[in-house]
Amino acid sequence: MAEAADFQGTRPSPARWLRRTASLLVGMPLLAGLVYGPVAPSAEAVEKAADARTVDVSLDTLAPSAPVEGDTLTITGTVTNQGKETVSDAHVDLRLGSRLSSRGAIDEVSRRSGFTPATDGAPVDTTYSVKLPKLAAGLSTDFTVAVPVDKLGLDEEGVYQLGVALSGRTPSDPYDQVLGIERTFLPWQPEAAEKRTQFTYLWPLISSPHLSAETGSDDQQTPVFEDDALAAELAPGGRLERMVSLGSELPVTWVIDPDLLATVDAMTRNYRVKDGDTDVPGRNQAVAKRWLDALDKAVHGRKVIALPYADPDLASLAHRGKDVPGSLSHLQPATEVAETTVETILHVKPSVDFAWPVEGAVDPSIVDVATSAGADKVIARSDSMRDELRYSPNAARPIGGGTTAVVADAGLSTAFHGDLTGANRSTLAVQQFLAHTLAVTQQQPGKQRSVVVAPQRMPTPAQAESMASALRTLNAQRWTQPVDLVAAAAAKPDPDATTRVPGAAEYPKKLRRQELSVQAFQDMQATQDALDNFKVVLTAAYRVVTPFGNAINREMSTSWRGRPEEATAYRVSVLEHLKGLTTAVQLIDKSDLTLSGRSATIPVTVQNTLVQGVDHLVLRLTSTKPTRLKLNGDDVIAQHPIRIDGGHRQTVKFTASANANGPVPMTAQLYTEDGRPYGKPMHFTVKVSEITPTVMLVIAGGVLLLVLAGIRMYSQRKRAAAREAATENAAENGTAATSESVGGALAPPPAEEPTAEAGDDGAEENGTPSPATGGGTGRSDEPQQPSDPTPDTGAQSGGPSAPGEKVDR
């Protein structure tokens, strides 16, 4: 933003009032006849600005950014009256300051505020001043100033301070004065320099993680995204779309996170997006395809640097993760998969020799971690590895152990930080960047040097536009010439440049506070341990190892800095999903069992609800009281190998033998073949009820007695029935003779008719009428003989026993 002139816009300051009073007193004789006339301001007052910002001057465009002879410099912008009084007689003009001899002088000018005639200079030519209408308080108006370059008086190559000032009058101060000014820089190098600076600009394609560890159960393993926010970055106007579109026209070195490529490649096919407790189909395949096609064309024939997969936070690993076992082991696989991913998707072979710590801040532990995966070049920054030189040395320098530090220029690397959505800020950033690059070349005009620029990892669209604008100007190659990062790393080191890696105490505290916590790396290790234990039992382990391995890499991504809650949520979701998969192979709970007898089988069932089979598992059953119950003869522990297809279950029957009565706690547990427990154990109790030989003899004797008693009872019933039949036959014969004697002559019984004897199995037993009785049967009201036995039991029932009823057999 423009800085205002030193004018309040209301009342003059006491110092100014005193100066004016003194001037009036000195000139009183001359003014005696002009008491009622206007007071002419002093020359100093004419040029002096207000004490505070009165008018804001904003520069929207400056073209050309680096003019040559014959050009016309055109500047457009806006002035806004931020004071309380109306500005009249307003006009905008250019003021060319002195030539700046160093980069430090450029930075000093950029920090200045207010207006100083000695340094801001006089108007270039009043002929090119632009008059503006009255500017009431709070109002704005646009302006355009065009001045031929040969009118600027640029007599020597270099960087010049250029001011765009608004002058005018207010009711409080009715004389011309500078009420607002905006300063920028004008690089003047009309001809190519004798020794142009070799210039390397990194163009990063990095994003935050979007893929989860979840995949579909189909053959294609449809990926599941945490969100669909990446589509907005890939769409026209999005951050990543602008980076590819702009970078395709610029001489830059592409620095790519392979995880971004893999994620976008997954979007080109069927994918799903989490939506609360469920997920929905993704619908941005066309956007992803267009972006990948554009990137494939943009990198063709260019140098590509592949970071380790998911851009791991090297400083966090060095400071927090190295004490957690296994954390550093992820770097080597992340580097290997990075090379394969880039080559497969973009069809170019990348360089994987470079490591890039956050903001180029290094210390010995960071360098050790960065090179542990095979990288031998570390991208550092000059505000970390500081030089005490009056010029910018070559970026490459050896730091020991065969490692090269490629030290990026801090001022150039941070030139496009901040909010550059406004045209004014973008224009100022571009001009200051160009000024610094020219100043670097002019530090040692007769010596060519190599400079590297490593901007922020994820530039906004506005920042990318500004960077591209500056690089387009450098395409003229009047003081720079582009080289790729590999060439810059191979440049001859400056012997006077520092090779000392700063100590751990010099690492910026601000960056250290943003690092991943120790707990984060412990969570990652817990996930890795669970994955290692799970994969050994799978028949298609790649379906799990690849998505979860990549997810663990994403958990240590540099992009989590400043977002601890989101980082934690991602780690938790990955581990919970993995645990959900491992519990798909489990023992089915069983109730307590009762074992009667000396031996029996104990069934234990294992269930697999995964879509793939499991193998290399062992089921162990343990008896905690072998004196009561032993397994497989004389063992305390019995085991059986487990192999189950997806969606099936397997029941294993263990042989058990009882020695004594009582409850026996049992434990069933799955193990991997290397002896590690898998899943939770299952506990149940077997109640042993042993039957001894003595008890068996007693039971057998009782059964025999019951059988004999039954036989005796049957015989008795049969004899009693025979006697009863005989008695009834005799009684019936006697009654008939008496009746006949009463009614007439006595009739003697037939001599040939037999009499029923006791025990005779007559026809009545079988239900056939006896010829002697004429078909009659015995009646209950007939008199019984004293010798008739009383039945000792009731008639037996041939139906089923009632519930709970004990039936003798």
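Asks: Would you mind going over the overall build of the protein with me for this structure?
Replies: Counting its secondary structure elements, the protein contains 21 helices and 30 strands. Here the protein, with 809 residues, has 46% of them falling under the buried criterion. Pairs at least 24 residues apart make up 78% of the contacts formed inside the protein by residues separated by at least 6 positions. For the protein, the accessible area works out to roughly 39,700 Å², and carbon and sulfur atoms hold 53% of it.

Asks: Explain the pattern of salt bridges here, please?
Replies: Side chains carrying opposite charge are able to pair once their charged atoms draw close together. Under the definition given, this model contains 29 salt bridges. We note a salt bridge from Asp 176 to Arg 169, for which the minimum N-O separation is 3.2 Å. By relative accessible area, Asp 176 is classed as partly exposed at 29%. Each of the salt bridges in this network shares a partner with another, and the network as a whole consists of Asp 313, Arg 320, Glu 515 and Arg 561.

Asks: What should I look at first to understand a negative patch on the surface in this one?
Replies: On the surface, a cluster of negative charge is made up of Glu 69, Asp 150, Asp 155, Glu 156, Glu 157 and Glu 191. With respect to the element layout, Glu 69 can be found in the loop between β2 (55–63) and β3 (72–81).

Asks: Before we go on, may I ask you to explain helix α12 (residues 364–371) in this structure?
Replies: Residues lying three or four places apart along an α-helix face the same way, a consequence of the helix completing one turn every 3.6 residues. Those residues of α12 that fall on the buried side of the exposure criterion are Ser 365, Ile 366, Val 367, Val 369 and Ala 370. Looking at the buried side of α12, the elements it contacts are α10 (314–321), α11 (331–346), β16 (354–355), β17 (377–381), β18 (396–400) and β19 (403–408).

Asks: Help me out: how do you make sense of the environment of Phe 354 in this one?
Replies: The residue Phe 354 is located in strand β16 in this model. For Phe 354, a relative accessible area of 2% corresponds to the buried category. Residues Phe 354 and Val 486 lie 132 residues apart in sequence; the distance between their C-alpha atoms is 9.2 Å. Here Phe 354 is in contact with Ile 305, Ala 375, Lys 377, Ile 379, Val 406, Leu 485, Val 486 and Ala 489, once residues within four sequence places are set aside.

Asks: Where do I start with the packing of aromatic side chains in this structure?
Replies: A ring pair, where both rings are aromatic, is described by two values, the distance of the centres and the angle of the planes. Across all of its chains, the model carries eight aromatic pairs by this definition. Look at Tyr 201 and Phe 433: their rings are 6.2 Å apart centre to centre, the planes differ by 70°, and that puts the pair in the edge-to-face class. Of this pair, Tyr 201 sits in strand β9 (residues 197–205) while Phe 433 is found in helix α14 (residues 423–443), placing the two residues 232 residues apart along the sequence. Overall, the relative accessible area of 1% leaves Phe 433 in the buried class. On the basis of an interplanar angle of 45° and a centroid distance of 5.2 Å, the ring pair of Phe 416 and Phe 433 is categorised as tilted. With Phe 416 in the loop between α13 (410–413) and α14 and Phe 433 in helix α14, this pair connects stretches of sequence that are 17 residues apart. For Phe 416, a relative accessible area of 1% gives the class buried. Ring pairs connect the aromatic residues Phe 199, Tyr 201, Trp 203, Phe 416 and Phe 433, which therefore count as one cluster.

Asks: Explanation requested: a nonpolar patch on the surface in the structure shown.
Replies: Taken together, Leu 704, Leu 705, Val 707, Leu 708 and Ile 711 make up a surface patch of nonpolar side chains, about 480 Å² in accessible area. With respect to the helices and strands, the residue Leu 708 is situated in helix α21 (residues 693–743).

Asks: Just to check I follow, could you spell out the nonpolar core for this structure?
Replies: Note that soluble globular proteins tend to have their nonpolar side chains buried in a common cluster. Counting residues in hydrophobic clusters, the biggest one holds 74 residues, and the most contacted among them are Ile 602, Leu 619, Leu 621, Leu 629 and Met 666. Excluding residues within four positions of it along the chain, Leu 621 makes contact with Ile 602, Val 604, Leu 631, Val 636, Ile 637, Ala 638, Phe 654, Met 666, Thr 667, Ala 668 and Phe 684. Among the nonpolar cores identified, the runner-up in size contains 67 residues, and Val 109, Met 243, Ala 266 and Val 304 belong to it.

Asks: Is there a simple way to think about the sheet that holds strand β22 (residues 585–587) in this case?
Replies: By definition, the strands of a sheet pair up through backbone hydrogen bonds, in either a parallel or an antiparallel sense. If you trace the four strands from one edge of the open sheet to the other, you get β22-β24-β28-β26, paired in antiparallel fashion. For this open sheet the edge positions go to β22 and β26 (629–631), each flanked by a neighbour on one side alone. Direction aside, the axes of adjacent strands within the sheet are offset by 35° on average. Pairing geometry for β26 and strand β28 (residues 648–658), over three bridges, is antiparallel. Bridge assignment links Leu 629 to a residue of β28, and that residue is Ala 658.

Asks: What should I look at first to understand the sheet that holds strand β25 (residues 614–623) in this one?
Replies: Reading across from one edge, β23-β30-β29-β25-β27 is the order of the five strands in this open sheet, with mixed pairing throughout. Strands with a single pairing partner mark the edges of an open sheet, and in this sheet they are β23 (593–596) and β27 (637–644). Adjacent strand axes in the sheet meet at a mean angle of 30° when their direction is disregarded. Two elements, β25 and β27, share seven bridges in a ladder whose sense is antiparallel. Each residue of the ladder has a partner; that of Val 618, found in β27, is Pro 641.

Asks: What exactly am I supposed to notice about the confidence of the model for the protein here?
Replies: It should be kept in mind that the predicted coordinates are not to be read in detail where pLDDT is low. With 81% of its residues at a pLDDT of 70 or more, the protein has an overall mean of 84. Confidence over residues 1–52 falls short of pLDDT 50; this stretch has 87 contacts with residues more than four positions distant or in other chains. Every residue in residues 734–809 is under pLDDT 50, and counting partners more than four places away or in other chains gives 43 contacts.

Asks: I tried to follow α11 on my own but got confused; where do I start?
Replies: In this model, α11 (16 residues) spans 22 Å end to end at C-alpha, consistent with the 22 Å of a helix rising 1.5 Å per residue. Turning to α11, its buried residues number three or more, namely Leu 331, Ala 334, Thr 335, Ala 338, Thr 341, Val 342, Ile 345 and Leu 346. Looking straight down α11, one finds its buried side chains confined to an arc of 130°; they lie on one side. Positive backbone phi, approximately 60°, marks His 347, located one or two places after α11.

Asks: Before we go on, may I ask you to explain unusual backbone geometry in this structure?
Replies: A cis amide bond, omega -10°, links Ala 63 with the succeeding residue Pro 64. Tracing the sequence through the fold places Pro 64 in the loop between β2 and β3. Not every positive phi belongs to a glycine, and Asp 311 is a case in point at roughly 50°. Looking at where Asp 311 falls in the secondary structure, it is placed in the loop between β15 (304–306) and α10. For His 616, which is not a glycine, the phi torsion comes out positive at approximately 60°. Within the fold, His 616 resides in strand β25.

Asks: So what exactly am I meant to see when it comes to the pairing of strand β4 (residues 88–100) here?
Replies: The buried count for β4 comes to ten of 13 residues, which makes it a mostly enclosed element. Bridge count between β4 and strand β5 (residues 130–131): two bridges; the pairing is antiparallel. Within β5, the position partnered with Val 92 by the bridge is Val 130.

Asks: Mind showing me how you'd approach the side chain of Ser 392 here?
Replies: Its location among the elements puts Ser 392 in the loop between β17 and β18. Among the polar contacts made by the side chain of Ser 392, one reaches the side chain of Arg 103 at a distance of 3.0 Å. For Ser 392, the contacting residues outside a window of four places in its chain are Arg 103, Asp 409, Val 440, Gln 443 and Arg 449.

Asks: Explain the environment of Ala 375 here, please?
Replies: Inspection of the secondary structure puts Ala 375 in the loop between α12 and β17. When the C-alpha atoms of Ala 375 and Asp 353 are compared, they prove to be 4.2 Å apart, with 22 residues separating the residues in sequence. With residues near it in sequence (within four places) discarded, Ala 375 still touches Val 352, Asp 353, Phe 354, Ala 355 and Ala 370.

Asks: What exactly am I supposed to notice about the packing of helix α7 (residues 239–247) against helix α9 (residues 285–298) here?
Replies: To characterise two packed helices, one gives the angle between the axes of the helices and the distance between these axes. The interhelical angle for the contact between α7 and α9, taken along N-to-C directions, is 30°, at an axis separation of 9 Å. One finds that α7 runs roughly parallel with respect to α9. As for how α7 packs across α9, the hand of that crossing is left-handed. Taking contact as the criterion, the partners of Leu 240, Glu 241 and Val 244 in α7 are, on α9, Trp 291, Ala 294, Leu 295 and Ala 298.

Asks: I'm lost on the pairing of β3 in this one. Help?
Replies: Successive side chains on a regular strand alternate, one facing one side of the sheet and the next facing the other. Of all ten residues making up β3, seven are buried, and the element is well covered by its neighbours. One ladder, built from eight bridges, connects β2 with β3; its direction is antiparallel. Looking at the pairing, Asp 56 lines up with Thr 80 of β3. Alignment of β3 against strand β6 (residues 140–148), held across nine bridges, turns out to be antiparallel. Looking across to β6, one finds that Gly 77 is bridged to Phe 143.

Reading guide: rules and limits
Along every chain, residues carry numbers that run from 1 in the direction the sequence is written. Where local features are concerned, this predicted model is filtered to residues with pLDDT of at least 70; where side-chain atom pairs are given and counted, the filter is 80 or more; whole-chain, interface and lining totals use all residues. Hydrogens and water molecules were not included; the side-chain quantities draw on all heavy atoms of the structure. By the criteria applied, helices consist of DSSP H or I runs no shorter than four residues and strands consist of E runs no shorter than two, each listed in order from the N terminus. For each residue, the accessible area found with a 1.4 Å probe, counting protein chains only, is set against the maximum for its type, and the residue is called buried under 20%, exposed over 50%, and partly exposed in between. The contact definition used throughout considers only heavy atoms, calling two residues in contact when any of these lie within 4.5 Å. All accessible areas in this document rest on Shrake-Rupley with a 1.4 Å probe, and a residue is counted as covered only by the protein chains that are shown. Any carboxyl oxygen of Asp or Glu within 4 Å of a side-chain nitrogen of Lys or Arg constitutes a salt bridge here. Each patch is built from salt-bridge-free residues with over 30% relative accessible area, joining like charges within 9 Å and nonpolar side chains (Val, Leu, Ile, Met, Phe, Trp, Tyr) within 5 Å. Under this rule, positive means Lys or Arg and negative means Asp or Glu; His and the chain ends count for nothing. Where a charge lies is defined by one atom per residue type, namely NZ (Lys), CZ (Arg), CG (Asp) and CD (Glu). Two rings from Phe, Tyr or Trp (for Trp, the six-membered ring) form a pair when their centres sit within 6.5 Å of each other. Planes less than 30 degrees apart are called stacked, planes more than 60 degrees apart edge-to-face, and all others tilted. Among buried residues, those of type Ala, Val, Leu, Ile, Met, Phe, Trp, Tyr and Cys that are joined through side-chain atoms within 4.5 Å constitute a nonpolar core. The pairing criterion for strands is at least two bridges between them, as found by DSSP. What counts as an axis is a line fitted to C-alpha atoms, over the stretch in contact for a helix, and the angles between N-to-C directions run from 0 to 180 degrees. Per residue, pLDDT captures the predictor's confidence, and it can take any value from 0 to 100. To estimate the expected span of a helix, subtract one from its residue number and multiply by 1.5 Å. Throughout, the arc means the angular range of directions from the helix axis out to the C-beta atoms. Side-chain atoms alone can form a polar contact between residues adjacent in sequence; in general such a contact is a pair of N or O atoms within 3.5 Å, and within protein one must be able to donate a hydrogen while the other accepts it. Roughly parallel here means an angle under 35 degrees, roughly antiparallel means over 145, roughly perpendicular means 65 to 115, and every remaining angle is called oblique. Handedness of a helix crossing follows the sense of rotation of the near helix relative to the far helix, less than a right angle counterclockwise being left-handed and clockwise being right-handed.

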